[in-house]
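Architecture and fold: a report
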Amino acid sequence: MRTVLQAAIIGLSAGSVYALMASGLTLVFGIMRVVNVAQGALVILGAYLSYSLFSRFHLDPFLAILLVAPMLFALGVGLQLAFVRRLRRDEQELSLLVMFAVAVGIEGVLTLVYKTTYRSINPGYANRVLELAGFKVPLVRVLAFALSVVVLSVLWVVLQRTRFGRALRATVQNPTAARLLGVEAERVAALGFGLGASTGAAAGAVYGIVFPFNPGSHYDLISRLLSIVVLGGLGSLGGSVVAALLMGVAEAVVAATLSPVWSSFAFFAVLLGVLLVRPQGMFGSVQRGGL
Amino acid sequence: MRRLRWPGVTRAAVAFGGLAALPLVVGEHWILSLAIFTLMYAALGSAWNLLGGYAGYISLGHVAFFGIGAYALGIALSHVASPGVWLPFLLLPTIGLGTAAVTLPIAWVALRTRATTFAIVTLTLLFVVQTLAFNLPGLTGGSQGLAMPVPPFPLGSFERPFYLAMLALLAVAMLISWYVLGSRVGLELLAVREDEERARGLGVRTTTVKLAAFAASVAITAMCGGVWAYYIAFIYPQFAIDPLISIGTVLMVFLGGRGTLWGPPLGAAVLIPAQQYLAYRFGQNDLYLVGYAAVFLLVVLFLPRGILPSVAERARRWRAPPGEVSQESTTTRPRPREVV
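As the structure is a computational prediction, the values presented were derived from the model and not from experiment.

The rules behind each value
- Residues numbered from 1 in each chain as written.
- Chains lettered and ligands numbered in written order.
- Predicted model: local features only at pLDDT ≥ 70, side-chain atom pairs only at ≥ 80, totals over all residues.
- Helix = DSSP H or I, 4+ residues; strand = E, 2+ residues; numbered from the N terminus.
- Rg over C-alpha atoms; globule rule 2.2 N^0.38 Å.
- Buried ≥ 20, exposed ≤ 12 C-beta atoms within 10 Å, placed from the backbone.
- Pairing = 2+ DSSP bridges.
- Contact = placed C-beta atoms within 7 Å.
- Nonpolar A, V, L, I, M, F, W, Y, C, P; charged D, E, K, R; others polar.
- Expected span 1.5 Å × (residues − 1).
- Bend = angle between axes of the 7 residues up to and from the residue.
- Axes fitted to C-alpha atoms, helices over the stretch in contact; angles between N-to-C directions.
- Parallel < 35°, antiparallel > 145°, perpendicular 65-115°, else oblique.
- Left-handed = near helix turned anticlockwise from the far one by under 90°.
- Core = buried A, V, L, I, M, F, W, Y, C linked by C-beta atoms within 7 Å.

The next thing to look at is the overall build of chain B. In terms of helices and strands, chain B carries 15 helices and two strands. By the compact-globule yardstick of 20 Å for 340 residues, chain B fits well, its C-alpha radius of gyration being 20 Å. By principal-axis analysis of the C-alpha atoms, chain B measures approximately 65 × 45 × 45 Å. When each of the 340 residues of chain B is scored for burial, the buried share is 48%.

Next up, the structure:
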């Protein structure tokens, strides 16, 4: 029982980072019906950028987020303008392929620059462990959890309380009506894509401290992220957060009780089980036709 | 049964007759090896097209079934003391049908979801199968890989049996595609692609036809995996179940023309030699991935409908006087008519 609880705490922290990554994915899907399968690659790119800033300039990876986030934001806006905008609304399946190509492209560039050896970011506190109510929790995991809560809250405030957030939500609900009411849907879409990509900066920095990574790691990430967003219901931000926490805990508990090699399997078992009962995911709405 | 028409029959006879004669004329091993992979992707593409092209259900995880076929053949052969010359090929139909039967319940769950979700579910399926291949070393050899029996073919014509096997699989895949296009099942699949709810409302057996297309597609894919494994001789999880095989297949179908009969083989014939050339010129790992991504983006952005439909439309426009271009030539969906 103790091992299970211990694992659940670790899993909650991993789940919160997944939630961070998945929120970007959900945001982009909500606005443009584009499944950004390059999100995993963006996270790995974020991890490499903080790795470089750390090893070259000894910049703390958590501080590096402030630098990396704008870079990924710009990249996200650029990707939207260059590739996604060109697709028509009836060609949404194509966006999946386009983003996959972008992911492979990012992987290729990272391979060229960093080669395929595994790297990890090792700040001085990487191995420090905290005692919380008798449970041993690595400091980094606590920081990761705190960071995820902060970033997700900021995201929530931006979406709920700002003019841009209202425009964005209006575009999600009804693009045509939003446009009629004077929302510049094209600009909102580009900025929203950038916002989704920039969540990869925070997630990448944390991911790089907790796990070793190489350019191919994005396959591992994207399979998990996609399971999470499908489980939560495509386009539901709250759903993806709940699903991410659930998956994180399931994975960690399986790793602790059974074997780490089966942990990713837990993900897919949960996914297939839920889809059997609810094809639209836990919090998704039934979509007609196109979805 | 669909009526045969002379142009179509001639086209098929010339193409397949020429391809069957190729190994008798050409002896270079590298050309035949390239041809084997081209035929393999052509067959994989035609199989994928049954579900992704006609029914509109884009699967990104078909390589999972490819891997299952490869491992099924390897495991089956590891239980036979002396497999003989032809046993591996004779086992293929069983492996194809078996894989289809085993994956049918999963397909039933997956096909309840729609376009985007379906693509994602199939993609996760790919990782499930890869994880299984890694984690069941007793069965698959895990990351150590699984050795196939050494094929007892003479060195001079070593590639020939594999070449003919892949050609046969391509023929089967295209025959099924051709039959489906002109049959009631084909019309039902196209109806599912256009509007599944309306189709069901009109009495189309949506679940049945989707499952049938899935099963046929999976069976051929698994058989390709079997031939590939026997040819490669040693299989590892990361190569037998490589996401790039899935994506490559999808790319070739999009390049050639989704939902057409000759599109997938055409796409494979253009892309595989180009890909091998790029890999040969720029090295396997470094620039290769970037080049691949660039080609992919160019195809999807500038030829979203594929070569065949674009060329067909050009030809129609050229023949018809200006202003008389029919409505359907401007639709984005490929039509089922333009074949055989």
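Attention now goes to the pairing of strand 1 (residues 129-132) of chain A. When a strand is regular, its side chains alternate between the sheet's two faces. Note: strand 1 of chain A against strand 2 (residues 135-138) of chain A, four bridges, orientation antiparallel. Paired with A:Glu131 across the two strands is A:Lys136, which belongs to strand 2 of chain A.

Bringing the interface of chain B and chain A into the picture now. The interface of chain B with chain A comprises 34 residues on the first partner and 41 residues on the second. Mapped onto the side of chain B that touches chain A, the elements with two or more residues apiece are helix 5 (115-135), helix 12 (243-256) and helix 14 (286-302) of chain B. Of the residues in the side of chain B that touches chain A, the class split is 21 nonpolar, eight polar and five charged.

Attention now moves to helix 4 (residues 87-110) of chain B. Residues and elements named next belong to chain B. Helix length check: helix 4, at 24 residues, gives a terminal C-alpha distance of 34 Å against a target of 34 Å (1.5 Å per residue), a fit within 8%. Considering bend angle alone, the principal kink of helix 4 is centred on Leu 104 and spans about 45 degrees; proline Pro 105 follows within four residues of it. Along helix 4, the residues classified as buried are Pro 88, Leu 91, Leu 92, Ile 95, Gly 96, Thr 99, Ala 100, Thr 103, Ala 107 and Ala 110.

What follows covers the packing of helix 3 (residues 63-78) of chain B against helix 4 of chain B. Residue and element names in this part refer to chain B. Orientation of helix 3 relative to helix 4, taken along the N-to-C sense of each, is 130 degrees, at an axis distance of 9 Å. If you check the angle between helix 3 and helix 4, you find them oblique. Note on packing geometry: the crossing formed by helix 3 with helix 4 is right-handed. Of helix 4, the residues touching helix 3 (which contributes Phe 65, Ile 68, Gly 69, Ala 72, Leu 73, Ala 76 and Leu 77) are Pro 88, Leu 91, Ile 95, Gly 96, Gly 98, Thr 99 and Thr 103. A per-class count over the contact of helix 3 with helix 4 returns nine nonpolar, five polar and no charged.

Attention shifts here to helix 8 (residues 185-210) of chain A. Residues and elements named next belong to chain A. With 26 residues, helix 8 extends 38 Å between its outermost C-alpha atoms, agreeing within 8% with the 38 Å of an ideal straight helix rising 1.5 Å per residue. The largest bend along helix 8 reaches roughly 30 degrees and is located at Ala 203. A large share of helix 8 lies buried, amounting to 22 of its 26 residues.

Bringing the packing of helix 6 (residues 163-173) of chain A against helix 8 of chain A into the picture now. Residues and elements named next belong to chain A. Two elements in contact, helix 6 and helix 8, have axes separated by 10 Å at closest approach and are oriented at 105 degrees. Between helix 6 and helix 8, the angle is such that the two are roughly perpendicular. Contact residues: helix 6 offers Phe 164, Ala 167, Leu 168 and Thr 171, while helix 8 offers Ala 185, Val 188, Ala 189, Leu 191 and Gly 192.

Note that soluble globular proteins tend to have their nonpolar side chains buried in a common cluster. Residue and element names in this part refer to chain B. Core analysis: the biggest nonpolar cluster contains 209 residues, and Ala 43, Met 166 and Val 227 have the highest contact counts within it. If one sorts the elements of this core by residue count, helix 10 (residues 206-232) sits on top with 16 residues. For Met 166, the residues in contact, after removing those within four places along its chain, are Ile 36, Leu 39, Met 40, Ala 43 and Val 227.

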